[in-house]
Amino acid sequence: MSARRILGFGLAAALAAGAAGWVSCSAIQKGTDILGDVGVVNAQDARTIKNLSEAVRNTFGDISEEEEYYIGRSVAALILARYPVHQGAALRQYVNTLASAVAVYSERPEIYAGYHVLILDTDEVNALAAPGGMIFLTKGLLKRCPDEDTLALILAHEISHISAKHGLQSIKKSRLVDSFRILGMDAVQRMAPENVAKLTGLFEEALGDIAKNLIERGYDRKYEYEADAMAVAVGSRTAYDPKGITRFLQTMVGDKSAESGKGWFKTHPSPKDRISKADKLIAAISPLPQLLAGRTARFKQAMAGVK
Amino acid sequence: MKKFRRPLAVVGAGLLLALVALAADTLIIKVQTTALRKTPQFFAPVVANLKLGDKLTKVAEQSGWYQVRTASGLPGWIHGSAVEVSRINLMASNQPMKTQATATEAALAGKGFNKSVEANYRAKHAEISFVWVDRMLQIKIAQAAIQEFLRAGRLGDFRGAK
């Protein structure tokens, strides 16, 4: 084995290692081409390295912020196709300011286009978080909040679903693998029409996966408990009373109208189970942030006129 | 010749390690817009405004924040959620190249679910309106308004304030 061969092998190994996360696909392609051209790696080695490199993007975690934003926009459009928007501009301003304030203390303060909230004009009780930072709260849910701290904890729960990418995790892995494979060929703008059609079809199926979980079936229970736990932490960091989450959940216990209806109960675990899990986490927080009359007053002012 | 092999391989491996280390020091902005701050806090003074794709050199890390330098040499801090570690530099010393090294770099190269894909989807589904999606994304809350909201509510960085 010549010195050049050994060095080539080292380079090839490093490139293969790079395929696991350090180096890009096309960098590897170019690298293997160069090494192949000078006879440092043989064609088989080059193919192996390239195949490894194609594994670079293959899970929900490899979805870019921009892609998450575009997926979220369409999920938001699907939610908005089902509910009318509440027209109160002052309430919208208040809720968006509150969400932005809570987001600062979340696990993901910065997101592609920021966090945005709309109120859905329905008495159904529900809250939905589309990927990319778009949050929807129903008027029915707002009416159950006695104070700002309670609403802040609900927003912290929704922001946590987004931080932890629970929506994106609903996308079937095979769709992502197929999408990334097509995208690996060329940029969308230069793609052959049949690949554009395939990619659009996969996009639509991915939206279907998310919408099914978010709107119809509900996330896996473990994601709801995880979002509650994160909300308690985020709420406390912001100095909101974390018991806000249990104050809201208490209003849902034994509520037959909500239980028999659409929305929250169809998509969330039982409120009693959530309260008992949240209570345990809250008991460990010291000092426990307390309610503040001034915050409750501004919440009531923003809610005035919500019927 | 035999003596020559090992040192050459070691030098090669060393060079690669150095390049990997260099690559790990470059951060790329993954959100549309953000700010470089004087200290690692959201309400610290803004040193510069940054946008998607801007590159920064990492200097240090501290509880979720990166101390960085901009391309023009400005020092400051950026939150970890606004950046990803670039993987593009390893082979870029010889020639510039567009790659899909990271998700953001792929997106910047026009590879991904993007505006074009949304346009194709919308062409197929004229019944789905994006009017309120666009309107909700236009809602802007100024940093000063968030700060005032926190201050008045004695929240976050302003907890315990009078």
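Residues numbered from 1 in each chain as written. Chains lettered and ligands numbered in written order. Predicted model: local features only at pLDDT ≥ 70, side-chain atom pairs only at ≥ 80, totals over all residues. Heavy atoms only, no water.

Chemist: Is there a simple way to think about helix α3 (residues 115-124) of chain B in this case?
Modeler: Owing to its 3.6 residues per turn, the α-helix brings residues three or four apart onto one side. All of the buried residues along α3(B) are Val117(B), Glu118(B) and Tyr121(B). With its buried residues spanning 100 degrees around the axis, α3(B) presents them on a single face. For α3(B), the exposed residues set more than 90 degrees away from the buried face come down to Lys115(B) and Ala123(B). Against α4 (65-80) and α9 (193-217) of chain A lie the buried residues of α3(B). A side-chain oxygen of the first residue of α3(B) lies 3.1 Å from the backbone nitrogen of Ser116(B); this N-cap is Asn114(B). (Buried < 20%, exposed > 50% of the residue type's maximum accessible area, 1.4 Å probe, protein only. Helix = DSSP H or I, 4+ residues; strand = E, 2+ residues; numbered from the N terminus. Arc of directions from axis to C-beta. Contact = heavy atoms within 4.5 Å. Polar contact = N/O pair within 3.5 Å; in protein donor to acceptor, adjacent residues only side chain to side chain.)

Chemist: What is the right way to look at the confidence of the model for chain A in this model?
Modeler: Low pLDDT means the predicted coordinates in that region are not meant to be read closely. Residue and element names in this part refer to chain A. Taken residue by residue, chain A gives an average pLDDT of 83. The fraction at 70 or more is 78%. Low pLDDT (under 50) marks residues 1-41, which in the prediction has 74 contacts with non-local residues, meaning those over four places away or in another chain. Across residues 46-55 the pLDDT falls below 50, and counting only partners more than four positions away or on other chains, this stretch makes 15 contacts in the model. (pLDDT = per-residue confidence, 0-100.)

Chemist: Would you mind showing me how to read helix α15 (residues 293-303) of chain A here?
Modeler: Those residues of α15(A) not exposed but buried are Arg295(A), Thr296(A), Arg298(A), Phe299(A), Ala302(A) and Met303(A). The buried side chains of α15(A) occupy one side of the element, clustering within an arc of 165 degrees when seen end-on. Across α15(A) from its buried face, at more than 90 degrees, point the exposed residues Ala293(A), Lys300(A) and Gln301(A). The secondary structure elements touched by the buried residues of α15(A) are α5 (89-104), α6 (139-142) and α7 (148-163) of chain A together with α5 (143-152) of chain B. Residue Gly305(A) follows α15(A) closely and has a positive phi angle near 95 degrees.

Chemist: Help me out: how do you make sense of the layout of surface pockets in this one?
Modeler: The gaps of empty space that remain are located by a probe, the size of a water molecule, rolled over the atoms. Here the largest pocket defines a volume of roughly 860 Å³. Taken together, 31 residues form the lining of the largest pocket, with Ala113(A), Gly114(A), Thr33(B), Ile141(B) and Gln143(B) sitting closest to its centre. Looking at the lining of the largest pocket, the elements with two or more residues in it are α4 and α5 of chain A together with β2 (33-37), β3 (46-51), α4 (131-137) and α5 of chain B. Across the lining of the largest pocket, the residue classes tally to 16 nonpolar, 10 polar and 5 charged. (1 Å grid on protein atoms, 1.4 Å probe; cavity = no way out; pocket = protein on both sides within 12 Å on 5 of 7 lines; lining within 4 Å. Points joined across faces, edges and corners; volume = space filled by probe spheres on them. Nonpolar A, V, L, I, M, F, W, Y, C, P; charged D, E, K, R; others polar.)

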